[in-house]
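Chain by chain, the residues run as shown.
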2 protein chains.
Amino acid sequence: MNFSSSEENYIKSIYHLQQSCELVNTNAVAATMHTRAASVTDMLKKLKRKKILQYERYKGFKLNEQGKKHALGIIRKHRLWEYFLVEKLGFAWDKIHPIAEELEHICSDELITKLNDYLGNPAFDPHGDPIPDQHGRIPNRKQLSLNILPLKQTVKVSAVGNQSTQMLEMLKHYHIGIGTQLSVTKRFSFDGSLEIKVLKFPNCIISASVAKNIFVHHDK
Amino acid sequence: MNFSSSEENYIKSIYHLQQSCELVNTNAVAATMHTRAASVTDMLKKLKRKKILQYERYKGFKLNEQGKKHALGIIRKHRLWEYFLVEKLGFAWDKIHPIAEELEHICSDELITKLNDYLGNPAFDPHGDPIPDQHGRIPNRKQLSLNILPLKQTVKVSAVGNQSTQMLEMLKHYHIGIGTQLSVTKRFSFDGSLEIKVLKFPNCIISASVAKNIFVHHDK
DNA sequence: AAATAAATTTAGACAAATCTAAAAAATATA
DNA sequence: TATATTTTTTAGATTTGTCTAAATTTATTT
């Protein structure tokens, strides 16, 4: 099946959104894609017709296996090109996204195979995001517990060890969720508690036992 | 000024056609682009509005200086990518054209500057065609068509005039590519066909119409 | 020069992707 | 529960790039 650049952008956006919630909603896609809800609805009908989306009107939607597979293909291309732009052409990592957005729609499987070989089959892109392999398998990252993270390194929350209501409630209060960017600004050796800085929020203190349950990884 | 991929394809087509005739005509563009004359007319109006084309209805048309400059920019991108595909990714030179057709529309000047540096500022692409520099200057190489080459002079193939799949397939069969060393051993005046000797291969016969499309140069 | 042929343009239609404004459905609130 | 709000969808318009078929202009032939 062939997809236009526009369709591919929607597929990618839906894929990313459904990583953090069971069903995706129209406004969320419209917001991330800087388009309007009506345009999203139009595209949903098209993607449903192409059988890569589970969708019933007013009920939310998500990619099916076919759709996820295609999304991973696009993400693979995007991240391989980002790797190329930084490692081979010498771009700064914060300049590459819009160029990779264009390159990811070039449709030649052989091109991607050869590019991947040429780059040495890299597992992570310059933002630290994993590059899916040709079958859509995603390498998983060395993640570490927040209580052993060195000071001042900016990291992203990748998982939470304890998912009790109490823990989740507290994390919500601290504005911490999967993907939240944060860094440790101080470590108190008295009790192992940490002062942390969550992006856009004032510093706060968390206990060692909470920190032990927050897993993070480097980069974006 | 920004141009869509479609507009760029027309610009490129018109540029190539006006290399061999003063004014370009609608049907010629339609034929090379596999589209219809009416579509060409529509686009001519648009390109005239964008002030890169001299055009009066029923009278033929050609790119003005602005238009030629833009055409050379697209050709530069196309040929740099072709060089990349062959020299870095290891593609066969007869497989790269459709991929470069897509890559040439990626619009980042910095990307092309960095790609050019990375490739070592090459002057000719893998088909032997000159790569315009960032100001649109085209490097020249004294080359001549094989059908007027004197007998027994050893030369190198520098370009191929007709890049159709059929032509490229035939050249492959004869073991002829860019850089191939060869000489003309006989010329039959009956039909203008030639016997040629390709380095390391047995002599073979090619027709005048094929020879006309093979351009060669002396030494390196 | 008139008739014929070829090239070019216009008129009108269509598909893709988007939009605005209004209607409909779902959700939240008083 | 009735009302208000938010979310989602529909209806209809717009832009870009394309097409066919018919009309127009130019070129070619008798």
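First things first, this report covers the structure right here in the doc. (Residues numbered from 1 in each chain as written. Chains lettered and ligands numbered in written order. Predicted model: local features only at pLDDT ≥ 70, side-chain atom pairs only at ≥ 80, totals over all residues. Heavy atoms only, no water.)

On to the overall build of chain A, then. Tallying secondary structure elements over chain A gives eight helices and eight strands in all. Along the longest, intermediate and shortest principal axes, the C-alpha atoms of chain A span 60 × 45 × 25 Å. The 220 residues of chain A split such that 43% are buried. Pairs at least 24 apart in sequence give 58% of the contacts found in chain A among residues at least 6 apart. Accessible area of chain A: about 12300 Å², with a carbon and sulfur share of 52%. (Helix = DSSP H or I, 4+ residues; strand = E, 2+ residues; numbered from the N terminus. Buried < 20%, exposed > 50% of the residue type's maximum accessible area, 1.4 Å probe, protein only. Contact = heavy atoms within 4.5 Å. Areas by Shrake-Rupley, 256 points an atom, 1.4 Å probe, with all protein chains shown as cover.)

Our next topic: the side chain of S108 of chain B. Looking at the secondary structure, you find S108 of chain B in the loop between α5 (97-103) and α6 (109-119). A polar contact is formed between the side chain of S108 of chain B and the backbone nitrogen of L111 of chain B, at a distance of 3.0 Å. (Polar contact = N/O pair within 3.5 Å; in protein donor to acceptor, adjacent residues only side chain to side chain.)

Residues and elements named next belong to chain B. Formed by 55 residues in total, the largest nonpolar core has its most connected members in L146 and I196. Top element by residues in this core is helix α4 (residues 65-87). It accounts for six residues. Ignoring sequence-local partners within four residues, the contact set of L146 consists of L182, V184, R187, L194, I196, I206, A211, I214 and V216. (Core = buried A, V, L, I, M, F, W, Y, C linked by side-chain atoms within 4.5 Å.)

A separate point is the pattern of salt bridges. For the coordinates displayed, the defined rule picks out 20 salt bridges over all chains. Between K95 of chain B and D94 of chain B there is a salt bridge, with its nearest N and O atoms 3.8 Å apart. In the salt-bridge network here, residues are joined through shared partners; they are E7, K46 and K50 of chain A. (Salt bridge = Lys/Arg side-chain N within 4 Å of Asp/Glu carboxyl O.)

Counting residues at the interface gives 19 residues for chain B, matched by 19 residues for chain A. Counting across the chain B and chain A interface gives three residue pairs in polar contact (both at pLDDT 80 or more). Only α4, α5 and α6 of chain B provide two or more residues apiece to the side of chain B that touches chain A. Per element, the largest residue contribution to the side of chain B that touches chain A is five residues, and it comes from α6 of chain B. Looking at side-chain class alone, the side of chain B that touches chain A contains twelve nonpolar, three polar and four charged residues. (Nonpolar A, V, L, I, M, F, W, Y, C, P; charged D, E, K, R; others polar.)

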